[in-house]
Each structure stands twice: as C-alpha cells, then as structure tokens.
Amino acid sequence: MANDFERTVVNCVNRYFTEHRMKGFAYRLKQARFNAQYVDIIVDSLDPAHYLAIECKSLKGKRLSFSSNFHKDKDGVHQIDNISGFLKYTGRKGFLAVEFRGVGQKNEAYLMPWETVCAFYDMQASIPIEEFRKCIPLERTSYGYHLECFSVP
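Scope of this entry: the structure provided in the associated data block. (Residues numbered from 1 in each chain as written. Predicted model: local features only at pLDDT ≥ 70, side-chain atom pairs only at ≥ 80, totals over all residues. Heavy atoms only, no water.)

### Description of the overall build of the chain
Okay, so step 1: Of the regular secondary structure elements, the chain holds four helices and nine strands.
Okay, so step 2: Listing each helix as α and each strand as β along the chain from the N terminus yields α-β-β-β-β-α-β-β-α-β-α-β-β.
Okay, so step 3: Its C-alpha radius of gyration of 15 Å places the chain within 12% of the 15 Å reference for a compact globule of 153 residues.
Okay, so step 4: A separation of at least 24 residues holds for 55% of the contacts in the chain among residues at least 6 apart in sequence.
Okay, so step 5: Total accessible area on the chain is roughly 8,700 Å²; 51% of this is exposed by carbon and sulfur atoms.
Okay, so step 6: The distance from the centre of the 21 positive side-chain charges to the centre of the 18 negative ones in the chain is 4 Å. (Helix = DSSP H or I, 4+ residues; strand = E, 2+ residues; numbered from the N terminus. Rg over C-alpha atoms; globule rule 2.2 N^0.38 Å. Contact = heavy atoms within 4.5 Å. Areas by Shrake-Rupley, 256 points an atom, 1.4 Å probe, with all protein chains shown as cover. Lys, Arg positive; Asp, Glu negative; His and termini not counted. Charge placed at Lys NZ, Arg CZ, Asp CG, Glu CD.)

Now the structure itself:
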C-alpha cells in the first residue's frame, strides 16, 4: 500500500512541475536489502526551493505515531534522526507526505515540512490529523493527488 502512495506522490510532484512549466523531476529510490535508504522520494531541481527529499507514510487512523509508524536502524537510531541527518548533509528541503486511509468518505493526504515534523518529534509521541490539515494538502482527483504549491497556506 505504501508503495502505491509513493508512486502517487511521485506522479503528483512531476505533474506539479509540468503544470507550472518548471524544471524538476521526482523519483522513487529503489529499496535494497543491505543498502540504507534515507527517504522514499528524491526531487531534483536547479531551483533550491524544489531540491527536496520526501518520506511517505500511508496509514489507517487519524494520528501518525513516532514509535509505530517509523523505525529504528540496526544501531538504534530513529528514522526521524536519520532523515534529518540526510537533509542536513545533502542540503535538501524535507517533507513528510502522509496519507490517512479510511478517514471519512475518501483518503486524505498532506505534505508537512520536515522542520514541523521535528518540532512535534521533540515534544510529542504522535501528530494528529488536525495538524496535517494545517499543512500542504494533496487534493484527491480522478487522476491521483494534485499539488497546488510547496508552501504552507
């Protein structure tokens, strides 16, 4: 299920570039058993505002948990810390894409800036859907999700 969401987000971001006549390209990183994969999606662009890394989570319910929806690596380092280090090292801007399945009549999906994710991680055990609703919506359409912009309204 998560792979479908990743594919949908890649298509959504690439459609965003096409619609806005911008140069940029999103792609999924191939998972390999013995290689570290820091994030699910890489977005390459000469525009620093669109030089991105996106971690995707697709879940049931109305709350994203830092203990059950993320993992720790073999050294016990939490996924949030690994991704934060990757973003710092590469200079990419980070986002967490979350799809809430089974909420109401249709799924809801949002992009949350990584700084916001880290602020919640430092203070709480989870993030409720209401906080995601304050972030960047991915509107559901007949052709998948639609992204209007990469900034929080």
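### Details of the side chain of N14
Okay, so step 1: Checked against the element boundaries, N14 lands in helix α1 (residues 2-19).
Okay, so step 2: If sequence neighbours within four positions are ignored, N14 has contacts with G24, F25 and A26.

### Looking at helix α2 (residues 79-90)
Okay, so step 1: Over its twelve residues, α2 runs 16 Å from end to end, which matches the ideal 16 Å to within 8%, given 1.5 Å per residue.
Okay, so step 2: Among all positions in α2, only Q79, I80, I83, F86 and L87 are buried. Here the buried residues of α2 occupy an arc of 125 degrees about the axis, which is enough to place them on one side. When the buried face of α2 is taken as reference, the exposed residues oriented beyond 90 degrees from it are K88 and Y89.
Okay, so step 3: Turning to α2, the residues buried within the fold contact β2 (41-44), β3 (52-60), β5 (93-101) and α3 (114-123).
Okay, so step 4: Of the residues one or two after α2, G91 is the one with positive phi, at around 80 degrees. (Expected span 1.5 Å × (residues − 1). Buried < 20%, exposed > 50% of the residue type's maximum accessible area, 1.4 Å probe, protein only. Arc of directions from axis to C-beta.)

### Structural notes on unusual backbone geometry
Okay, so step 1: The backbone of R21 shows a phi angle near 50 degrees, a positive value even though the residue is not glycine.
Okay, so step 2: Position of R21 among the secondary structure elements: in the loop between α1 and β1 (25-28).
Okay, so step 3: By relative accessible area, R21 is classed as exposed at 78%.

### Regarding the packing of α2 against α3
The relative placement of two packed helices is expressed as an angle between their axes plus a distance between the axes.
Okay, so step 1: One can describe the packing of α2 onto α3 by two numbers: an axis separation of 11 Å at closest approach and a directional angle of 145 degrees. When the axes of α2 and α3 are compared, the crossing they make is left-handed. Together, I80, D81, I83, S84 and L87 of α2 and W114, V117, C118 and Y121 of α3 make up the contact between the two elements. (Axes fitted to C-alpha atoms, helices over the stretch in contact; angles between N-to-C directions. Left-handed = near helix turned anticlockwise from the far one by under 90°.)

### As for the packing of aromatic side chains
Okay, so step 1: Considering all chains together, one arrives at nine aromatic pairs under this definition.
Okay, so step 2: Residues F95 and F150 carry aromatic rings whose centres are separated by 5.7 Å and whose planes lie at 45 degrees to one another, so their mutual orientation is tilted. A residue pair is termed long-range when its members are at least 10 positions apart, and F95 in strand β5 and F150 in the segment after β9 (144-146) qualify at 55 residues.
Okay, so step 3: Three or more aromatic residues joined by ring pairs form one cluster here, namely Y16, F17, F95 and F150.
Okay, so step 4: Geometry around Y51 places R92 over its ring, the cationic atom sitting 4.0 Å from the centre. (Phe/Tyr/Trp six-rings, centres within 6.5 Å; stacked < 30°, edge-to-face > 60°. Lys NZ or Arg CZ within 6 Å of the ring centre and 35° of its normal.)

### Remarks on the nonpolar core
Okay, so step 1: By size, the foremost hydrophobic cluster in this structure holds 24 residues, and its most contacted members are L64, L96, W114 and F132.
Okay, so step 2: For this core, the elements supplying multiple residues, two or more each, are β3, α2, β5, β6 (108-113), α3 and α4 (129-132).
Okay, so step 3: Those residues in contact with L64 that lie beyond four places of it in its chain are K57, L59, N69, F70, L96, V98, F100, A125, S126, I127 and F132. (Core = buried A, V, L, I, M, F, W, Y, C linked by side-chain atoms within 4.5 Å.)

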